Amino acid sequence: MAPLIDLEASDEEAQAIKPERVGFLPIHTNGFDRGFIGVVLFIAIHLFWLRFLEQWLPLVCATVLSLLLAVFIVARG
């Protein structure tokens, strides 16, 4: 008679540890940290844009660039 539950297989599955996610940021971060970094960069890019690039390119370009960068940092950072 075969056992209903294979205890050895469940132990092996429990012991299998997922490898820690490694991103490109040089610090250990969680989702909130990466979101916060994205918001800070959003503000910094807009201030830089207003000071140096507003006369040639509209602020919408800075918003699109900032959002793309924030999404990339949250997803891959």
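Each remark here, short or long, concerns the structure printed above.
Residues numbered from 1 in each chain as written. Predicted model: local features only at pLDDT ≥ 70, side-chain atom pairs only at ≥ 80, totals over all residues. Heavy atoms only, no water.

Visitor: What is the right way to look at helix 2 (residues 31-53) in this model?
Guide: Residues that lie three or four places apart on an α-helix share one face, since the helix turns once every 3.6 residues. Look at helix 2: 31 Å from first C-alpha to last across 23 residues, which is about the 33 Å you get at 1.5 Å a residue. Residues Arg34, Gly38, Ile45, His46 and Trp49 constitute the buried set of helix 2. For helix 2, the secondary structure elements touched by its buried residues are helix 3 (59-76). If you check the start of helix 2, you find a side-chain oxygen 3.2 Å away from the backbone N of Phe32, and it comes from Asn30. (Helix = DSSP H or I, 4+ residues; strand = E, 2+ residues; numbered from the N terminus. Expected span 1.5 Å × (residues − 1). Buried < 20%, exposed > 50% of the residue type's maximum accessible area, 1.4 Å probe, protein only. Contact = heavy atoms within 4.5 Å. Polar contact = N/O pair within 3.5 Å; in protein donor to acceptor, adjacent residues only side chain to side chain.)

Visitor: Which parts of the structure should I look at to understand the packing of aromatic side chains?
Guide: To describe a pair of aromatic rings, one takes the distance between the centres and the angle between the planes. In total, this model carries 2 aromatic pairs according to the counting rule given. Note on Phe24 and Phe72: the rings are 5.3 Å apart at their centroids and 20 degrees apart in plane angle, and the pair reads as stacked. Here Phe72 lies in helix 3 and Phe24 lies in the loop between helix 1 (7-15) and helix 2, a separation of 48 residues in the sequence. Overall, Phe24 belongs to the partly exposed group, its relative accessible area being 44%. (Phe/Tyr/Trp six-rings, centres within 6.5 Å; stacked < 30°, edge-to-face > 60°.)

Visitor: It is not clear to me how the packing of helix 2 against helix 3 should be interpreted in this structure. Could you clarify?
Guide: Where helix 2 contacts helix 3, the two axes come as close as 9 Å, and the packing angle between them is 160 degrees. The orientation of helix 2 relative to helix 3 falls into the category roughly antiparallel. Note on packing geometry: the crossing formed by helix 2 with helix 3 is right-handed. In contact with Arg34, Gly35, Ile37, Gly38, Leu41, Phe42, Ile45, His46, Trp49 and Leu50 of helix 2, helix 3 contributes Leu59, Cys61, Ala62, Thr63, Leu65, Ser66, Leu67, Leu69, Ala70, Ile73 and Val74. Residue composition of the contact of helix 2 with helix 3, grouped by class: 15 nonpolar, 5 polar and 1 charged. (Axes fitted to C-alpha atoms, helices over the stretch in contact; angles between N-to-C directions. Parallel < 35°, antiparallel > 145°, perpendicular 65-115°, else oblique. Left-handed = near helix turned anticlockwise from the far one by under 90°. Nonpolar A, V, L, I, M, F, W, Y, C, P; charged D, E, K, R; others polar.)

Visitor: I tried to follow the side chain of Ser66 on my own but got confused; where do I start?
Guide: The topology assignment puts Ser66 in helix 3. Given a relative accessible area of 1%, Ser66 falls into the buried group. Setting aside its immediate chain neighbours within four residues, Ser66 contacts Phe42, Ile45 and His46.

Visitor: Looking at this model, I keep getting lost on the side chain of Thr29. Mind explaining?
Guide: Examined against the element boundaries, Thr29 turns out to sit in the loop between helix 1 and helix 2. Thr29 sits in the buried class, given a relative accessible area of 13%. Apart from residues lying up to four places away in sequence, Thr29 is in contact with Arg34 and Gly77.

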